[in-house]
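One-letter residues, chain by chain:
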Amino acid sequence: MQNFITNFSHIKFKVLAINFLFIFILYNDSFSEELEKHNYEFKSIKSNNANMRIGPGKRFEILWNFKKVGLPVKILKKFEQWYEIETPDGSIGWMWSKLLSSKEKTIIFKKKDIIYRKDSTDSNIVANVSENSILNIYYCKNNWCKVESKKDKVKGYVKIDNIWGFYTSSVK
């Protein structure tokens, strides 16, 4: 009987070890997939009446109502026709996909900045930009991004370190 109990304990331990190993492998795969997904996609709000909700559906309470067309948002997750988003101030909630645009690539300035004619601080200054200004972005290269304000008819370059709303690989 003692031999049976010892064998049973060894079998139980092996089953636990195999389960642990299996869970570890699954967790590792999903963890590496999560790391790959951290190159988040950005979209912009395309409506001047966009509700951010606490959950993915119209039945959920509204957290915020956005009136700023072009505001960039970071996409965290997708569920059916809803996106979990993060706003420039760090607020997180859900927005219906029809309220977001992936065509219009925009950025927001974290503080006052300068737009230069070329990608160099030795270049002529084209315009000063206020904090929270939203501009279209075309591409980024060597820590500079080409931007445009269609409203003010201004094009030029800004340093990459003072803007929010893109990752280099997401801008084409």
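The rules behind each value
- Within each chain, residue numbers correspond to sequence positions counted from 1 in written order.
- In keeping with the predicted nature of the model, local features appear solely for residues at pLDDT of at least 70, side-chain atom pairs appear and are counted solely at 80 or more, and the whole-chain, interface and lining totals rest on all residues.
- The side-chain values count all of the structure's non-hydrogen atoms but skip hydrogen atoms and water molecules.
- Numbering of helices and strands starts at the N terminus; helices are DSSP runs of H or I of at least 4 residues and strands are runs of E of at least 2.
- Throughout this description, buried means an accessible area under 20% of the type-specific maximum (1.4 Å probe, protein chains only), exposed means over 50%, and partly exposed covers the range between.
- The contact criterion used throughout is that any non-hydrogen atoms of two residues lie within 4.5 Å.
- Along the chain, pLDDT gives the predictor's confidence residue by residue, from 0 to 100.

(A) Examining unusual backbone geometry more closely. For Asn-142, which is not glycine, the phi dihedral falls at a positive 50°. Mapping Asn-142 onto the fold places it in the loop between β11 (134-141) and β12 (144-149). Unusually for a residue other than glycine, Lys-153 sits at a positive phi of about 55°. When its relative accessible area of 76% is taken as the criterion, Lys-153 is described as exposed.

(B) Representation of the environment of Ile-92 in the model. Looking at the secondary structure, you find Ile-92 in strand β6 (residues 92-96). The contacts of Ile-92, once residues within four sequence positions are left out, are Met-52, Leu-63, Leu-76, Glu-84, Ile-85 and Glu-86.

(C) Fine view of the confidence of the model for the protein. With 75% of its residues at a pLDDT of 70 or more, the protein shows a mean pLDDT of 82. Across residues 15-37, where pLDDT falls below 50, the model places zero contacts with residues more than four positions away in sequence or in other chains.

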